[in-house]
Amino acid sequence: MQHQKILILDFGSQVTQLIARRVREAHVFCEVHPCDVTDEWVREYAADGQLKGIILSGSHASVYEETTDKAPQAVFDLGIPVLGICYGMQAMAHQLGGKVEGGHKREFGFAAVRARGHTKLLEGIQDFATPEGHGMLDVWMSHGDKVTELPPGFKLMASTESCPIAGMADESRGFYAVQFHPEVTHTKQGAALLERFVLGICETRPDWIMGDYISEAVAKIREQVGDEEVILGLSGGVDSSVAAALIHRAIGDQLTCVFVDHGLLRLNEGDMVMDMFEGKLHAKVIRVDASELFLSKLAGVSEPEAKRKIIGGLFVDVFKAEAAKLKAGNASSKGATFLAQGTIYPDVIESGGAKSKKAVTIKSHHNVGGLPEQLGLKLLEPLRELFKDEVRELGVALGLPPEMVYRHPFPGPGLGVRILGEVKKEYADLLRRADAIFIEELRNFRDDATGKTWYDLTSQAFTVFLPVKSVGVMGDGRTYDYVVALRAVQTSDFMTADWAELPYALLKKVSGRIINEVRGINRVTYDVSSKPPATIEWE
């Protein structure tokens, strides 16, 4: 199926992905590409007739500097709607004959914008009206420069006291631009504005739906793989689990999953993974118990980055050994020729951003490249077009249990980075049991106001093992046992996070159960640090 699409050109903003997520939430397919693509590339991208609109992202740069990026001229020549956001608005103004200058007063944070000009983009969209009847929007600003002179053909669409031109439009050409950021949740009507642009102005067909996407993805996998065989490293995490379920739906026994148990998983997690994939989906899964190997190599190592490297390196070694056996084949198998990975769209965007050097402090991702070359296998990445929330929707549509698909994030090194300092089997066993109690009670306790469980109300919650002992009293006896810390945060993007204000009754229940049920722990603390300055994980 060919989807109509929106092209997002990334000038290096930290929140460009949020634009794409909002567009996808409107059930419209979109892709993010670096802003320095050529005019020829843009024309070729639009050649199939499916491109319905273009969005220009924000940036940390200034458009009037000679070295900064401009939008390809083809963007304005295609005859399709264009929306500029923040720097994208300034680039549009600068390139189409307007004027951009450094502002005397910078705007970072909340602002009240007056909607003017009654354009199709903002018509009927407002948060409140002034006594004079002016429509107002509560928005999020992040800019120093501003447009000081409209390009020919444009009219004023929005303004603030410190930014007289906070929005502009040339409706005859379908060009719209706003100085604020509609993609962030702080702009209350931001989702409505972006939906208006992609559905109302661009008239894009809203056909990007995960339940419908399954048949499309299955056909694509079958076409790519043919009658060859695939190997996949199944970690038990959301991405690899959904990838495995989707590929198995497409090619059945041509897929073999390798599940490496490094001894640092959560309580009973290995058995749950096997029960789901081998028991319920009837997929071929090879379970490798490498816990003794991992724990022996971690002995005496306490530095967090060193632990991560050991765990990551050993995982690759163990997986490569199993892959070599499968690649060689046997009497009933020709051998694997594809390596499947749970790469998702943010990984692809971030890796592209790192290569083009457009974004500041952007990471490259381990899933993109590397291992396939080492193994001499072709790469299969069936989730590489999807965001995390779409992966979760797809998992549920494929029949995976919601409690598996909507689990909180779990680090690749597992409990190895939730045990502070040296990792020992004794510590991992204690932590597993304490963490299971915490998660169980989060699922049991409901918030009176919303009716939701506290597990659903927190974005990430876990227990940390502290390598210290404290004095306690149990019965008439003195104890000298270990301490654990509970951590629960709420966040929309994991870039910043607030500690969750869990009910005292919940904390009391969790603390009591851990101390009474997990022999070896006699003190429970709760982490009330936000990010920043702290990080979400302790290591």
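Computed from a predicted model, the values in this text were never measured in an experiment.

Quick notes on the rules
Residues numbered from 1 in each chain as written. Predicted model: local features only at pLDDT ≥ 70, side-chain atom pairs only at ≥ 80, totals over all residues. Heavy atoms only, no water. Pairing = 2+ DSSP bridges. Helix = DSSP H or I, 4+ residues; strand = E, 2+ residues; numbered from the N terminus. Axes fitted to C-alpha atoms, helices over the stretch in contact; angles between N-to-C directions. Contact = heavy atoms within 4.5 Å. Buried < 20%, exposed > 50% of the residue type's maximum accessible area, 1.4 Å probe, protein only. UniProt positions renumbered as here; feature names shortened; annotations may be inferred. Expected span 1.5 Å × (residues − 1). Phe/Tyr/Trp six-rings, centres within 6.5 Å; stacked < 30°, edge-to-face > 60°. Lys NZ or Arg CZ within 6 Å of the ring centre and 35° of its normal. Core = buried A, V, L, I, M, F, W, Y, C linked by side-chain atoms within 4.5 Å. Polar contact = N/O pair within 3.5 Å; in protein donor to acceptor, adjacent residues only side chain to side chain. Salt bridge = Lys/Arg side-chain N within 4 Å of Asp/Glu carboxyl O.

### Describing the sheet that holds strand β12 (residues 255-261)
Part 1: An order of β13-β12-β11-β14-β15 is seen for the five strands of this open sheet, with the pairing classed as parallel. Unpaired on one side and paired on the other, β13 (284-289) and β15 (378-380) mark the two borders of the sheet. The mean inter-strand angle of the sheet, taken between neighbouring strand axes irrespective of direction, is 30°.
Part 2: The pairing of strand β14 (residues 336-340) with β15 spans three bridges and is parallel. Its bridge partner lying in β15, A340 is registered against L380.
Part 3: Sheet contacts for helix α7 (residues 238-251): β11 (229-233), β12, β14 and β15; angle to β11, the most-contacted strand, approximately 165°.

### Observations regarding the pairing of strand β1 (residues 5-10)
Part 1: Where burial is concerned, most of β1 is hidden: six out of the six residues are buried.
Part 2: Of the two faces of β1, the one carrying K5, L7 and L9 and the one carrying I6, I8 and D10 are both buried.
Part 3: The sheet contact formed by β1 and strand β3 (residues 51-56) spans five bridges and is parallel. Looking at the pairing, I6 lines up with G53 of β3.
Part 4: In the sheet, β1 pairs with strand β2 (residues 29-34) via six bridges, with the strands oriented parallel. Bridge assignment links D10 to a residue of β2, and that residue is P34.

### Quick look at the UniProt feature "binding site: ATP" (unreviewed entry) in the protein chain
Part 1: Those places that UniProt annotates as "binding site: ATP" (unreviewed entry) correspond, in this numbering, to S235, G236, G237, V238, D239, S240 and S241.
Part 2: Here G236 shows up in the loop between β11 and α7.
Part 3: The residues touching G236, leaving out its near neighbours within four places in the chain, are S241, E269, V273 and R407.
Part 4: Positionally, D239 belongs in helix α7.
Part 5: The buried category is assigned to D239, whose relative accessible area is 17%.

### Concerning the environment of L281
Part 1: Among the secondary structure elements, L281 is positioned in the loop between α8 (269-280) and β13.
Part 2: As for L281 and S459, which are separated by 178 residues in sequence, their C-alpha atoms are 28 Å apart.

### A short note on helix α6 (residues 210-225)
Part 1: Between its first and last C-alpha atoms α6 spans 22 Å; for 16 residues at 1.5 Å apiece the expected length is 22 Å, and the two agree.
Part 2: Residues of α6 that are buried include every one of M210, Y213, I214, E216, A217, V218, I221 and V225, and no others.
Part 3: Buried residues in α6 make contact with β11, α7, β14, β15 and α13 (388-397).
Part 4: One or two steps after α6, the chain reaches G226, where phi turns positive at roughly 65°.

### Section: the packing of aromatic side chains
Part 1: On inspection of all chains with the given rule, the structure shows 11 aromatic pairs.
Part 2: Between the aromatic rings of W41 and Y45, the centroid separation amounts to 4.9 Å while the plane-to-plane angle is 15°, which identifies the pairing as stacked. Of this pair, W41 and Y45 both sit in helix α2 (residues 39-45), four residues apart, roughly one helical turn.
Part 3: Clustering of aromatic rings is evident, with ring pairs tying together F29, W208 and Y213.
Part 4: The cationic tip of R266 hangs over the ring face of F410; the distance from NZ or CZ to the ring centre is 4.0 Å.
Part 5: One residue, R443, lies across the ring of Y455, its end atom 3.9 Å from the ring centre.

### Some details on the nonpolar core
Part 1: Ranked by internal contacts, the top residues of the largest apolar core, which has 49 residues, are I231, L442, L502 and I514.
Part 2: No other element matches the nine residues that helix α15 (residues 425-444) contributes to this core.
Part 3: Residues within four places of L502 in sequence aside, it is in contact with F438, L442, W454, T458, A488, L507 and Y526.
Part 4: Core analysis: the second largest hydrophobic core is formed by 43 residues, I251, C257, V285 and L386 among them.

### Notes on the side chain of S240
Part 1: Here S240 lies in helix α7.
Part 2: A polar contact of 3.1 Å, which involves the side chain of S240, links it to the side chain of S235.
Part 3: Ignoring sequence-local partners within four residues, the contact set of S240 consists of L232, G233, L234 and S235.

### Brief notes about the pattern of salt bridges
Part 1: Enumeration over the complete set of coordinates arrives at 27 salt bridges.
Part 2: The salt bridge involving R22 is made with E25; its shortest N-O contact spans 3.1 Å. Residue R22 and its partner E25 are located together in helix α1 (residues 16-25), separated by three residues, close to a single helical turn.
Part 3: Judged by its relative accessible area of 42%, E25 falls in the partly exposed class.

### Quick word on the environment of D39
Part 1: With respect to the helices, strands and loops of the structure, D39 is situated in helix α2.
Part 2: For D39, a relative accessible area of 29% puts it in the partly exposed group.
Part 3: Distance in space between the C-alpha atoms of D39 and D77 is 9.7 Å, their sequence separation being 38 residues.
Part 4: What D39 contacts, discounting residues up to four positions off in sequence, is P72, Q73 and A74.

### Digging into the environment of V396
Part 1: Here V396 shows up in helix α13.
Part 2: V396 gets classed as partly exposed once you look at its relative accessible area, which sits at 34%.
Part 3: In this structure the C-alpha to C-alpha distance between V396 and Q4, which are 392 residues apart in sequence, comes to 25 Å.

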